[in-house]
2 protein chains.
Amino acid sequence: MTISADPTPPEDPDQAPAPTSRRELNKAATRQAITDAALALLRTSGPGNFTVEDIADAAGISRRTFFNYFGSTDAALASVTHGFLDNAIQQFKLRPADEPVLQSAQEALMALADPMTVAPLAELFTLTQQSSLMSHSELEAWDHCREQITEVARGRAAATPGAVDELYLRALAGSVISCGKAAMEVWFSRRGADLSPASLAELRHLLIDAMALLGSGFTTGTSPAPSSSASRPS
Amino acid sequence: MTISADPTPPEDPDQAPAPTSRRELNKAATRQAITDAALALLRTSGPGNFTVEDIADAAGISRRTFFNYFGSTDAALASVTHGFLDNAIQQFKLRPADEPVLQSAQEALMALADPMTVAPLAELFTLTQQSSLMSHSELEAWDHCREQITEVARGRAAATPGAVDELYLRALAGSVISCGKAAMEVWFSRRGADLSPASLAELRHLLIDAMALLGSGFTTGTSPAPSSSASRPS
DNA sequence: TCACGCTTTTACACTACGTGCAAGTTTGCA
DNA sequence: TGCAAACTTGCACGTAGTGTAAAAGCGTGA
């Protein structure tokens, strides 16, 4: 599996600003090979129908090495989700500190509603057939994201006078995550793995609507349902 | 483990309206013995430091029988959470159909903020030292509760004209659960397993505040923090 | 009281998971 | 080139979870 030393060292020195040593390249490649193999097996065999050994064989590594990278099959698959959410957090952190958290979340999610970014997540979702409850590692990824949001919100709140309300931070971050998940779940249930522009536009609307619902305190109550998203052509 | 037939049959016939045959009594007793044993081991050995075999031995059953009742150690412990949340759902369903969902949730939770009901959950929480991410079974319990809330909300919305907004239902139910969890987390982090009246009063306030935050759309924004709960003597 | 059918428990076997360990291999660096 | 650190691998071990068939417990009717 390891890449034997390349006899031609040139490889554009101005193209690798990051500390990309051969070690790190190998590790990254192995990591990718594992998730690719896991995803391929998920496609062909279905969830729960393949073992760690299967993944290791397909990735060309030993079973033991697999466990050096991931703690379980689920963890390997959840790296897809992790990647997506890390991306989301990155966008989130870029938002101006004086922007309301809900709007920051909305904007961050908007930046990710493009085909290339959403595709892996959408496939994972459909392949695991939204089995209601995600895997442990999948949930860990979302929870990690929630904690990140909490921290950012805490940092913003700290800039204002008065004690930081821990309940406010946690309730808000948790709700943002829940609403984000809800929007994605509805999208997947409506469009499957459809990544067409129209479908992605609907995803964006769902995300916006979800955050709007949260921001309005779900005031549609039991009365009419003027919100939207129930019918939006594009 | 099984209870040998009781030689004295009398046992008040008017006191057992439920179909409590000896079989069901044995099953219930075994189930209870398992969770008790698991909880005891959690207390003495700490999380992750005992096996299914340990639990089975302590409960006086075989390892195989344990798996007839629970799918894992976590599941056995999560029966505590399951019991609490089932109770909550029951209270929730009793609320009038024309009441706003958020208020129903608030009222249902109020009914459970008493020492006897909260104690087991509080102990479980402290023993697992709020390890940030709950066990899979624990999360399953919360998710089941979320689904129940969704269904109740759907039923209420169906009584009104217009199509039911799936996003609204899911986002609301998810947020309610998140806020409930947030309130409990803050409570546990502040008071540990303190079940004094003052502590429980604070729990009630936290739950009320959490639902209020949700109902107001977290409008405290980045400005002041007039909400409350940050300081409440009793 | 007994005998018959159904349910539950149990022992056994088996596959797979996850980890510690020590030996072998690759990489970074002087 | 040679050494030290990092990485991979095979092996062994304990544990998780499940299928299966035999044994024990329970309900019911004669």
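Residues numbered from 1 in each chain as written. Chains lettered and ligands numbered in written order. Predicted model: local features only at pLDDT ≥ 70, side-chain atom pairs only at ≥ 80, totals over all residues. Heavy atoms only, no water.

By the naming in an unreviewed UniProt entry, chain A is Regulatory protein, TetR family, taken from Pseudarthrobacter polychromogenes.

Engineer: Let's hear about the UniProt feature "DNA-binding region" (unreviewed entry) in chain A: which residues, and what values?
Structural biologist: The residues that UniProt annotates with the feature "DNA-binding region" (unreviewed entry) are residues 51–70 of chain A. With 75% helix and 0% strand, residues 51–70 of chain A has its two end C-alpha atoms placed 13 Å apart. (UniProt positions renumbered as here; feature names shortened; annotations may be inferred. Helix = DSSP H or I, 4+ residues; strand = E, 2+ residues; numbered from the N terminus.)

Engineer: Now, about the interface of chain A and chain B: what can you tell me, with residues and values included?
Structural biologist: Chain A puts 43 residues into the contact, and the matching count from chain B is 42 residues. With both sides pooled, the region where chain A packs onto chain B buries about 3600 Å², and carbon together with sulfur makes up 63% of that total. Across the contact surface, chain A and chain B share two salt bridges. Across the pair R170 of chain A and E185 of chain B runs a salt bridge whose closest N-O atoms are separated by 3.2 Å. Inspection of the region where chain A meets chain B yields nine residue pairs in polar contact (both at pLDDT 80 or more). Looking at the side of chain A that touches chain B, the elements that each hand over two or more residues are helix 7 (136–158), helix 8 (166–191) and helix 9 (197–215) of chain A. The element that contributes the greatest number of residues to the side of chain A that touches chain B is helix 8 of chain A, accounting for 15 residues. Taken together, the residues of the side of chain A that touches chain B break down into 18 nonpolar, 16 polar and nine charged. (Contact = heavy atoms within 4.5 Å. Buried area = accessible area lost by both parts, 1.4 Å probe. Salt bridge = Lys/Arg side-chain N within 4 Å of Asp/Glu carboxyl O. Polar contact = N/O pair within 3.5 Å; in protein donor to acceptor, adjacent residues only side chain to side chain. Nonpolar A, V, L, I, M, F, W, Y, C, P; charged D, E, K, R; others polar.)

Engineer: Give a description of the packing of helix 7 of chain A against helix 8 of chain A that names residues and reports values.
Structural biologist: All names here are of chain A. Where helix 7 meets helix 8, the closest approach of the two axes is 9 Å, and the angle between their N-to-C directions is 135 degrees. Looking at the two axes, helix 7 sits oblique to helix 8. Classified by chirality, the crossing of helix 8 by helix 7 is right-handed. Of helix 8, the residues touching helix 7 (which contributes L139, W142, C145, R146, I149, T150, A153 and R154) are E166, L169, A173, G174, V176, I177, K181 and M184. Residues that form the contact of helix 7 with helix 8 fall into these classes: 10 nonpolar, two polar and four charged. (Axes fitted to C-alpha atoms, helices over the stretch in contact; angles between N-to-C directions. Parallel < 35°, antiparallel > 145°, perpendicular 65-115°, else oblique. Left-handed = near helix turned anticlockwise from the far one by under 90°.)

Engineer: Before we move on, can you summarise the nonpolar core with the specific residues and values?
Structural biologist: Soluble globular proteins tend to pack their nonpolar side chains together in the buried interior. If you look at the biggest cluster of nonpolar residues, it comprises 99 residues, and the most contacted ones within it are F218 of chain A together with F218 of chain B. Those residues in contact with F218 of chain B that sit more than four places away from it in its chain are Y168, A171, L172, S175 and L214 of chain A together with C179 and L213 of chain B. The next biggest cluster of nonpolar side chains, apart from the first, holds 22 residues, and it includes A37, L41, A59 and Y69 of chain B. (Core = buried A, V, L, I, M, F, W, Y, C linked by side-chain atoms within 4.5 Å. Buried < 20%, exposed > 50% of the residue type's maximum accessible area, 1.4 Å probe, protein only.)

Engineer: Now, about the relation of the copies chain A and chain B: what can you tell me, with residues and values included?
Structural biologist: For these two chains of identical sequence, chain A goes onto chain B by a turn of 180 degrees and a shift of 0.0 Å along the axis, with RMSD 0.1 Å. Read as a symmetry element, the transformation amounts to a two-fold axis. When C-alpha distances to the rotation axis are compared across chain A, the minimum falls at G217 of chain A, with a value of 1.9 Å. When the interface residues of chain A are mapped onto chain B, 95% of them are again interface residues, pointing to one common binding face. (Least-squares fit on C-alpha atoms with pLDDT ≥ 70 in both.)

Engineer: An account of helix 2 (residues 52–59) of chain B is requested, with residue identities and associated values reported.
Structural biologist: Residue and element names in this part refer to chain B. Of the residues making up helix 2, those classed as buried are V52, I55, A56 and A59. Projected down its long axis, helix 2 shows its buried positions confined to an angular sector of 100 degrees, all on one face. For helix 2, exposure combined with an orientation more than 90 degrees from the buried face picks out D57 and A58. The elements touched by buried residues of helix 2 are helix 1 (22–45), helix 3 (63–69) and helix 4 (73–94). Its side-chain oxygen placed 3.2 Å from the backbone nitrogen of E53, T51 serves as the N-cap of helix 2. Two residues or fewer past helix 2, G60 is found with a positive phi of approximately 75 degrees. (Arc of directions from axis to C-beta.)

Engineer: Outline the pattern of salt bridges, supporting the account with residue identities and numerical values.
Structural biologist: Taken as a whole and judged by the stated rule, the model has 20 salt bridges over all chains. Among the ionic pairs, R170 of chain B bridges to E166 of chain B, the shortest N-O distance being 3.4 Å. Of the two residues, R170 of chain B and E166 of chain B are both situated in helix 8 (residues 166–191); the distance of four residues between them amounts to about one turn of the helix. Given a relative accessible area of 23%, R170 of chain B falls into the partly exposed group. One connected set of salt bridges, linked through shared partners, spans E151, R154, E166 and R170 of chain A together with E185 of chain B.

Engineer: Explain helix 6 (residues 115–127) of chain B to me, and be specific about the residues and the numbers.
Structural biologist: Residue pairs three or four apart in sequence face the same way in an α-helix, which turns once every 3.6 residues. Residue and element names in this part refer to chain B. With 13 residues, helix 6 extends 17 Å between its outermost C-alpha atoms, agreeing within 8% with the 18 Å of an ideal straight helix rising 1.5 Å per residue. Restricting attention to buried positions, one finds in helix 6 the residues T117, V118, L121, A122, L124, F125 and L127. At its buried positions, helix 6 is contacted by helix 1, helix 4, helix 7 (136–158), helix 8 and helix 9 (197–215). Of the residues flanking the end of helix 6, it is Q129, one or two places downstream, whose phi is positive at about 40 degrees. (Expected span 1.5 Å × (residues − 1).)

Engineer: Quick one: what's the story with the side chain of S178 of chain B, residue by residue and with numbers?
Structural biologist: Looking at the secondary structure, you find S178 of chain B in helix 8. Sequence-distant contacts of S178 of chain B, that is, excluding residues within four places in its chain, are made with G174, S175 and S178 of chain A.

Engineer: An account of the side chain of Q106 of chain B is needed here, citing residue identities and associated values.
Structural biologist: With respect to the helices and strands, the residue Q106 of chain B is situated in helix 5 (residues 101–110). Ignoring sequence-local partners within four residues, the contact set of Q106 of chain B consists of I208, M211 and A212 of chain B.

Engineer: Describe the confidence of the model for chain A, listing the residues and the values that go with them.
Structural biologist: Residues and elements named next belong to chain A. For chain A, per-residue confidence averages 86 on the pLDDT scale, and 85% of positions sit at 70 or higher. Low pLDDT (under 50) marks residues 1–17, which in the prediction has nine contacts with non-local residues, meaning those over four places away or in another chain. Note on residues 221–234: pLDDT is under 50 here. Beyond four places in sequence and across chains, it has 19 contacts. (pLDDT = per-residue confidence, 0-100.)

Engineer: Lay out the packing of aromatic side chains with the relevant residues and their values.
Structural biologist: Residues and elements named next belong to chain A. Taken as a whole and judged by the stated rule, the model has 10 aromatic pairs over all chains. Centroid distance F66 to F67: 5.4 Å. Interplanar angle 90 degrees. Geometry classified as edge-to-face. Ring centres 6.2 Å apart and planes at 45 degrees place the aromatic pair F66 and F70 in the tilted group. A residue is classified by how much of its surface remains accessible, and F70, at 4% relative accessible area, is buried. Ring-pair connections join several aromatic residues into one group, and the members of that group are F66, F67 and F70. Residue placement shows R156 over the ring face of F92; its charged tip is 5.5 Å from the ring centre. (Phe/Tyr/Trp six-rings, centres within 6.5 Å; stacked < 30°, edge-to-face > 60°. Lys NZ or Arg CZ within 6 Å of the ring centre and 35° of its normal.)

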